[in-house]
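Next come the chains, spelled out residue by residue.
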Amino acid sequence: LESLCAIVHVCCSVSQDMRFNPEIDLVKDFEPSSLLCMPVKVPQPSEGKVIAVAAACHKEKNVVFTSRDVDNMSFVLRFSSNVLANTLAYERERVLKKQNEALLQVARKLFTSLDNLDVLLSEIMHEAQNITHSEKCSLFL
């Protein structure tokens, strides 16, 4: 992602550009005549790390993005990158917390079943099934 977004790119003949994927036309049901792509970069302290790519398309034929369009999009991305970076960080922390809580729950159940091997093995498989969201889970000794 980083290497693809080193610069702002304005393309006036999208379908002729070698980087353009024609399958996009099928998905969006239109052929853009011009395309503006810009990197969304993480703000301080990781200055310069690209976390996303923003793209704007004109549906109309023969319409070209201007330097004002580039400036406006840059302005919007500069402020929205803070929100996006914080949201991504929050989501990573939320997933990590959920994983840690699941592992802690497994440890609690295992320690309460140490005196009975059948119950212990059953608890291990039950928790493995819960953590992996699988239909069945087996333990072969």
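Nothing here was measured: the structure is a model prediction, and the numbers come from that model. (Residues numbered from 1 in each chain as written. Predicted model: local features only at pLDDT ≥ 70, side-chain atom pairs only at ≥ 80, totals over all residues. Heavy atoms only, no water.)

Please explain the packing of helix α2 (residues 67-112) against helix α3 (residues 117-132) as it appears in this structure.
For any two helices packed against each other, one specifies the crossing angle of their axes together with the interaxial distance. Remark: α2 packs on α3, axes separated minimally by 10 Å, with the N-to-C direction vectors making an angle of 170 degrees. As far as their axial angle goes, α3 and α2 are roughly antiparallel. The residues of α3 that touch α2, namely those facing Ala-102, Leu-103, Gln-105, Val-106, Lys-109 and Leu-110, are Leu-120, Glu-123, Ile-124, His-126, Glu-127 and Ile-131. Looking at side-chain class alone, the contact of α2 with α3 contains seven nonpolar, two polar and three charged residues. (Axes fitted to C-alpha atoms, helices over the stretch in contact; angles between N-to-C directions. Helix = DSSP H or I, 4+ residues; strand = E, 2+ residues; numbered from the N terminus. Parallel < 35°, antiparallel > 145°, perpendicular 65-115°, else oblique. Contact = heavy atoms within 4.5 Å. Nonpolar A, V, L, I, M, F, W, Y, C, P; charged D, E, K, R; others polar.)

Would you explain the pattern of salt bridges in this entry?
Charged atoms that come close allow side chains of opposite charge to pair. Taken as a whole and judged by the stated rule, the model has two salt bridges. Glu-91 is the partner of Arg-94 in a salt bridge, and the nearest nitrogen-oxygen pair spans 2.7 Å. Of this pair, Arg-94 and Glu-91 both sit in helix α2, three residues apart, which is roughly one turn of that helix. Arg-94 gets classed as partly exposed once you look at its relative accessible area, which sits at 39%. (Salt bridge = Lys/Arg side-chain N within 4 Å of Asp/Glu carboxyl O. Buried < 20%, exposed > 50% of the residue type's maximum accessible area, 1.4 Å probe, protein only.)

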